[in-house]
Structure formats: structure tokens, C-alpha cells
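Reading the structure
Here is how the chains run, residue by residue.
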Amino acid sequence: MKFLFCLIIAFAFCNHANARSPASTAAPNVHILDAMAVPGLNRQRIIRIYLPPDYEKNERRYPVLYMHDGQNLFDNATAYASEWGVDETMNELANSQDLEVIVVGIDNGQEKRLNELSPWTNKRFGKAEGKLYVNFMVHVLKPYIDKHYRTLADRGNTAVMGSSTGGFISHYAVHQYSDVFGMAGIFSPSYWYSSEVFKHTRKNPMPVSTRIYITIGGKEGDEAIDGVKQMTALLQAQKHPAENLHSEVVPGGEHNEQFWRSEFPKAVSWLFKKPDLTP
């Protein structure tokens, strides 16, 4: 737990650029939007958006995946430690699986990250700002994206995903706004951060159609793994369908971007998989 705590504290202070200021590795179909104000928090947030390779060549509408820690998703020049390679992965999946999704990355608040990504106060880390952050996602950011881009705006085509406390806030979001998010990718979730997450889950069961992908590394510590097992048991006790719930402890996985990058292709493919219409 101490090791995990140190990692999260370091992650909270990630900067927009590494000390070496490496050259950008973002694909050409990743764009940076003007900073958007977050109501109630008196701060702004940079938004990074990935558009499918054929977006400019047709008039199709696309599903949307909202992700936290936008600095770490597409570009080594802005990432803490290393990027997830979301743009390269999505470009490859577009070619190999015909899986085309708009990805909206929300930059984290750096020193405010832990506060923004929890809806419940933790005595060690301070007050919670997660409810305001998710309200920004739902009531400001999503309407903007749906207005300015060709999206499939219904819950069945809208997902949220994140890691660590980003996984924690994704869990909250898909329960609190189950009418908005029909899918969630929950990587290495910090369920230990507040026991309120279990109470909230009991009081706000999701529609059975909601697709949930939970993953954690086998080297992330007993407390973190036990939290995932407890949450999985709770969801199963609520009779959430097995076909819409994936929960896995991955042997050898650690609490870092390398693990999350390796899990991303499997998670996004599972969440957005098309139904098998074969007779």
C-alpha cells in the first residue's frame, strides 16, 4: 500500500512536459481544443480529442470515449512517465477491427488531481471535488463535443475510462450518470480511497445493459486487489449480467502506464464490441 501511495502522489504532480521535453509523438488526428472553464472550481482544463482516421472523409457519426489524465494518453511530450498510445492503438483498431471511436482526453489538474478525481473527501488528501469535475464532464464538455463533432450521443455509445483515481471517478460517473454513460473502463481503481464508493454502488445500481471492464495488476498490492474483488462481488450480487461485466487481476501487472497501455486495446475492444448477428 505504501508503494501504491507513493506512486499516486508522484502522479498527482505530473507536469505538461517531461524534463527532457521530448518531441511530440501525437498522431496528426489528435487535436487540442481551447481550454474550458470548470464551473465551481475556478480553473480551466485543456481538452485533447482524437478523431478516427476517416472522420474528415465521410458524414458518419461515432461513439465517444471520455478519458481522464489527457496529458498521458497521446503524447510522450506531455505524459508523466510514458503515454498510453491511445491514438496509435485506435488507428490500428480502425484498420484491423473497423472499430472507430472519438476519444476525448481531459487533462488532469496536476497538484489538484487527487481532489478532482474523488467525489468523497479523504482525510489524508483533502476535500473532494470529483462531483464538480464529473458535472463538468456531463453538463459542459459532453454537450460541447456533441454539438461540434459528429457523435452518437446516446448512453449506449458513450463510455468513460481512467486509471487509479481516474478509475475511481469513472466508477462513480457510470453509477451517478447511468443515463449518460453506458460503458466504463476502470483500470487499477483506488477503491481504498473512500469506502463511500461501496455505499454509492449499492444505492445506485446500474442498468443491466451497462458494460463494465475492471482490471488491476497482480503486483498492485493486497489492499488494492481486495478492493476490486469486493466491488466485483457487489456487482455480481446486484445480478449484473456476466456478459456485461469483465473483472480481472492480471498476473505481473503493476500500477503504471505500461500496464494500462497494455490493457487499453483489450478494454476498448470489449466495451465497444459489435453484437454478433450471425444466425
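So, a few notes on the structure that sits alongside this text. Small disclaimer: the values here were computed from a predicted structure and weren't measured.

On to the overall build of the chain. The secondary structure content of the chain amounts to eight helices and eight strands. Here the chain, with 279 residues, has 57% of them falling under the buried criterion. Look at the contacts in the chain between residues 6 or more apart in sequence, and 76% of them connect residues 24 or more apart. Element-wise, carbon and sulfur atoms account for 52% of the exposed surface of the chain, whose accessible area totals about 12,200 Å².

A word on the pairing of strand E4 (residues 102-106). Summarising burial for E4: five of the five residues are buried, a large majority. Here E4 shows a buried face lined by Ile102, Val104 and Ile106 and a second buried face lined by Val103 and Gly105. In the sheet, strand E2 (residues 43-50) pairs with E4 via four bridges, with the strands oriented antiparallel. Along E4, the bridge assignment pairs Arg48 with Gly105. In terms of strand pairing, strand E3 (residues 64-67) meets E4 through four bridges, oriented parallel. In the strand pairing of E4, Val64 is matched with Ile102.

Now for the nonpolar core. If you look at soluble globular proteins, the nonpolar side chains tend to sit buried side by side. In this structure, Ile102, Val104, Leu141, Phe181 and Tyr191 are the most contacted members of the largest nonpolar core, which totals 53 residues. The dominant element in this core, judged by the number of residues it contributes, is helix H4 (residues 130-148), at seven residues. Beyond its immediate sequence surroundings of up to four residues, Phe181 is in contact with Tyr66, Met137, Val138, Arg155, Thr158, Ala159, Val160, Ala173 and Val174. Residues Val86, Leu99, Val250 and Phe259 belong to the second largest nonpolar core, which totals 27 residues.

As a further point, take the packing of H4 against helix H5 (residues 165-176). Helices that pack against each other are described as a pair by the angle of their axes relative to one another and the distance between those axes. It is at 11 Å that the axes of H4 and H5 come closest, and there the two elements cross at 65°. The element H4 and its partner H5 pack so that their crossing is right-handed. Contacts between H4 and H5 pair Gly130, Lys131, Tyr133 and Val134 from the former with Ile169, Tyr172 and Ala173 from the latter. The class makeup of the residues in the contact of H4 with H5 is five nonpolar, one polar and one charged.

Calculation notes
Residues numbered from 1 in each chain as written. Predicted model: local features only at pLDDT ≥ 70, side-chain atom pairs only at ≥ 80, totals over all residues. Heavy atoms only, no water. Helix = DSSP H or I, 4+ residues; strand = E, 2+ residues; numbered from the N terminus. Buried < 20%, exposed > 50% of the residue type's maximum accessible area, 1.4 Å probe, protein only. Contact = heavy atoms within 4.5 Å. Areas by Shrake-Rupley, 256 points an atom, 1.4 Å probe, with all protein chains shown as cover. Pairing = 2+ DSSP bridges. Core = buried A, V, L, I, M, F, W, Y, C linked by side-chain atoms within 4.5 Å. Axes fitted to C-alpha atoms, helices over the stretch in contact; angles between N-to-C directions. Left-handed = near helix turned anticlockwise from the far one by under 90°. Nonpolar A, V, L, I, M, F, W, Y, C, P; charged D, E, K, R; others polar.

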